[in-house]
There are 2 protein chains.
Amino acid sequence: MKQTRNVTIMHENKFINIYQDLSSKIRRAILPAGQLLPSENELGDQYRASRETIRKALALLSRNGYIQKIQGKGSVVLDVSRFDFPVSGLTSFRELAEHTGEQWKTTVRQLILMKPDKKLQQLMNLEEDQNLWKVIRSRTVGGETVILDKDFLLLDTVPMLTADICEHSLYDYIENELNLKIGFAKKQITVEEANEEDRQYLTLSTVSSVVVVRSLVYLDNTQLFQFTESRHRADKFRFVDFARREHL
Amino acid sequence: MKQTRNVTIMHENKFINIYQDLSSKIRRAILPAGQLLPSENELGDQYRASRETIRKALALLSRNGYIQKIQGKGSVVLDVSRFDFPVSGLTSFRELAEHTGEQWKTTVRQLILMKPDKKLQQLMNLEEDQNLWKVIRSRTVGGETVILDKDFLLLDTVPMLTADICEHSLYDYIENELNLKIGFAKKQITVEEANEEDRQYLTLSTVSSVVVVRSLVYLDNTQLFQFTESRHRADKFRFVDFARREHL
DNA sequence: CAGTGGTCTAGACCACGGC
DNA sequence: CCGTGGTCTAGACCACTGG
């Protein structure tokens, strides 16, 4: 649900609304863990939707760890309470910070326009004369700088960029101002020894290793437009995931 | 497709078959990256399926990084070639080893029946007199032991266990012999200093940190039955993920 | 404009669980 | 046996793309 012109509208699809209503009720324990959801037919009556539409909403709930469907019985509400939520998937730093409610601060260390070096050319499949934004930002919490983000964005897709935007939220700008739709990303997590740059920006006490998350980010139209290297102080890194077993 | 009574049958569902056929063609580049899939209506004719069934198969392809759907245009085949495949999700060590084709060896270090300590009682929500299997296994490749797995399994769900089974494949046994269906898992990845046990079993050269993957594994019926702690030599750890942006 | 994917529907049949 | 979820269908309407 979003606010527009002083009117509360539900401009999403029916199954998204149903998903949001049910997931909200589960998070607030109005539908407590262990209980069965109403049957799909009942839900169809309640929301005035066909069964297939209900099933689309339930499939979303299942994928995101809210319920477990059991044939012949029903849909069981899962315990979602002490589950550190969606750190998985494509989540921007700001969305994360807002979720945990901690006091974070982003500092832009560098913002320049550049040409790609050989490595970047190969990684992003670029021409050598293609222009790129290079953004370096550090993330500080409780006086300690624990994350260093290096972003490379195609000038072709992001024609303008300011330090202010980078400090606020890059994804917000890309999705809501430029109206670009992010489609998917390929990520890779490794652990590496801290390098010169890490030591320059991060608060590295005794810790000498960093967790490096490298992502290739693509738009809706399969256009690659960003490469990100997110370097985390190893002792402050944590990745939480909900995984379903695929029975193919 | 599986073999039963000397007859090749396709006992899976229609949309799974279509998914497997298409994904296989994409992997073998019979459907090359960048190209458009036939339209949903055409596919419906080809496979003699309704459009909704085709769409279920395409949704699977999309979730697993094979295609990107673009409204008004079609489904674009993504480049899947140099993408280290499903290391994400619930994948057993053996499935992984078979995928990469490397020469791995599993050694069972301990296999005992025990009662849970306080920590395990809280973590798995157990009674203090409930019986658990404790399995410790190490994984060796190229002469170096790089993974240490500690598993705790409910005796109630796994009544029998042998070193032989643990050496072969635990998940194979659980799913195919005991006919239990694994539903989902909650995972957490952190980086920690190597402890006494790590030093005892792992080949730790100069590396002193390990990547710890802790998982709570649940059955289809929401019953928690396993806690696993998988400890990886940090320099040998790698996690690859394909993530779609959720537009809710 | 025609063709594409996105959503929603009503109805059918099946497989499974529990009484 | 009934009620549950799992699959599949045929058809409708919409939103978007491209010529």
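Quick summary incoming for the structure in this document. (Residues numbered from 1 in each chain as written. Chains lettered and ligands numbered in written order. Predicted model: local features only at pLDDT ≥ 70, side-chain atom pairs only at ≥ 80, totals over all residues. Heavy atoms only, no water.)

### Some words on helix H7 (residues 170-177) of chain B
Think of an α-helix as turning once every 3.6 residues; residues three or four places apart then point the same way.
Residue and element names in this part refer to chain B.
Then, in step 1: Taken together, the buried positions of H7 are Leu170, Tyr171, Tyr173, Ile174 and Glu175.
Then, in step 2: In this structure, the buried side of H7 is in contact with strand E6 (132-141), strand E7 (144-154), helix H6 (163-168), strand E8 (182-193), strand E9 (209-219) and strand E10 (224-233).
Then, in step 3: Within two residues after H7, Asn179 carries a phi angle of roughly 55°, on the positive side. (Buried < 20%, exposed > 50% of the residue type's maximum accessible area, 1.4 Å probe, protein only. Helix = DSSP H or I, 4+ residues; strand = E, 2+ residues; numbered from the N terminus. Contact = heavy atoms within 4.5 Å.)

### Brief notes about the packing of helix H2 (residues 40-47) of chain B against helix H3 (residues 51-63) of chain B
Residue and element names in this part refer to chain B.
Then, in step 1: At a minimum axis separation of 9 Å, H2 and H3 run at an interaxial angle of 105°. Between H2 and H3, the angle is such that the two are roughly perpendicular. For the pair formed by H2 and H3, the contact residues are Glu40, Asn41, Leu43, Gly44 and Tyr47 on the first element and Arg51, Ile54, Arg55 and Leu58 on the second.
Then, in step 2: By residue class, the composition of the contact of H2 with H3 is 4 nonpolar, 2 polar and 3 charged. (Axes fitted to C-alpha atoms, helices over the stretch in contact; angles between N-to-C directions. Parallel < 35°, antiparallel > 145°, perpendicular 65-115°, else oblique. Nonpolar A, V, L, I, M, F, W, Y, C, P; charged D, E, K, R; others polar.)

### Here's the deal with the relation of the copies chain B and chain A
Then, in step 1: The two copies are related by a screw motion: chain B maps onto chain A through a turn of 180° and a shift of 0.0 Å along the axis, at an RMSD of 0.0 Å. Both copies are brought into coincidence by an operation consistent with a two-fold rotation axis.
Then, in step 2: Looking at chain B, 98% of its interface residues are interface residues in chain A too, so the copies touch through the same face. (Least-squares fit on C-alpha atoms with pLDDT ≥ 70 in both.)

### Things to note about the interface of chain B and chain A
Then, in step 1: Counting residues at the interface gives 50 residues for chain B, matched by 49 residues for chain A.
Then, in step 2: Of the roughly 4,400 Å² buried between chain B and chain A, counting both surfaces, carbon and sulfur atoms make up 51%.
Then, in step 3: At the junction of chain B with chain A, the criterion picks out 2 salt bridges.
Then, in step 4: Among the ionic pairs, Arg245 of chain B bridges to Glu175 of chain A, the shortest N-O distance being 2.9 Å.
Then, in step 5: Between chain B and chain A we count 16 residue pairs in polar contact (both at pLDDT 80 or more) in total.
Then, in step 6: When residues of the side of chain B that touches chain A are traced back to their parent elements, those giving at least two are helix H1 (14-27), H3, strand E3 (67-70), H7, E8, E9 and strand E11 (239-244) of chain B.
Then, in step 7: Considering each element in turn, the side of chain B that touches chain A owes the most residues, 10 residues, to E8 of chain B.
Then, in step 8: When the residues that make up the side of chain B that touches chain A are grouped by side-chain class, the tally is 23 nonpolar, 12 polar and 15 charged. (Buried area = accessible area lost by both parts, 1.4 Å probe. Salt bridge = Lys/Arg side-chain N within 4 Å of Asp/Glu carboxyl O. Polar contact = N/O pair within 3.5 Å; in protein donor to acceptor, adjacent residues only side chain to side chain.)

### Topic: the side chain of Thr140 of chain A
Residue and element names in this part refer to chain A.
Then, in step 1: With respect to the helices and strands, the residue Thr140 is situated in strand E6 (residues 132-141).
Then, in step 2: Here the side chain of Thr140 touches Thr145 through a polar contact of 3.1 Å, side chain to side chain.
Then, in step 3: Look past the residues within four positions of Thr140 in its chain and what remains in contact with it is Gln103, Trp104, Lys105 and Thr145.

### Comments concerning the packing of aromatic side chains
Then, in step 1: Throughout the structure, instances matching the rule amount to 9 aromatic pairs over all chains.
Then, in step 2: Every member of this aromatic cluster is reached through a ring pair, and the members are Phe184 and Tyr218 of chain A together with Phe242 of chain B. (Phe/Tyr/Trp six-rings, centres within 6.5 Å; stacked < 30°, edge-to-face > 60°.)

### Overview of the protein's contact with DNA strand C
Then, in step 1: Close to DNA strand C lie 24 residues, the nearest being Lys14 and Ser50 of chain A together with Arg51, Glu52 and Arg55 of chain B.
Then, in step 2: Each atom of DNA strand C within 4 Å of the protein was assigned to sugar, phosphate or base; sugar and phosphate come to 67%.
Then, in step 3: Contacts to DNA strand C include Ser50 of chain A, whose backbone N or O atom sits 2.7 Å from a phosphate oxygen.
Then, in step 4: Between a phosphate oxygen of DNA strand C and a side-chain N or O atom of Arg55 of chain B, the distance comes to 2.7 Å.
Then, in step 5: Elements with a contribution of two residues or more to the surface near DNA strand C: helix H1 (14-27) and helix H3 (51-63) of chain A together with H3 and E3 of chain B.
Then, in step 6: Top element by residues in the surface near DNA strand C is H3 of chain A. It accounts for 4 residues. (Near = heavy atom within 4 Å.)

### Examining H1 of chain B
Residue and element names in this part refer to chain B.
Then, in step 1: The end-to-end C-alpha separation of H1 is 20 Å, in line with the 20 Å expected for 14 residues at 1.5 Å each.
Then, in step 2: Listing the buried residues of H1 in full gives Ile16, Asn17, Ile18, Tyr19, Leu22, Ser23, Ser24 and Ile26.
Then, in step 3: In the core, the buried residues of H1 are packed alongside H2, H3, E3 and strand E4 (74-77).
Then, in step 4: One or two steps after H1, the chain reaches Ala29, where phi turns positive at roughly 60°. (Expected span 1.5 Å × (residues − 1).)

Don't take any of this as a statement about function, it's just geometry.
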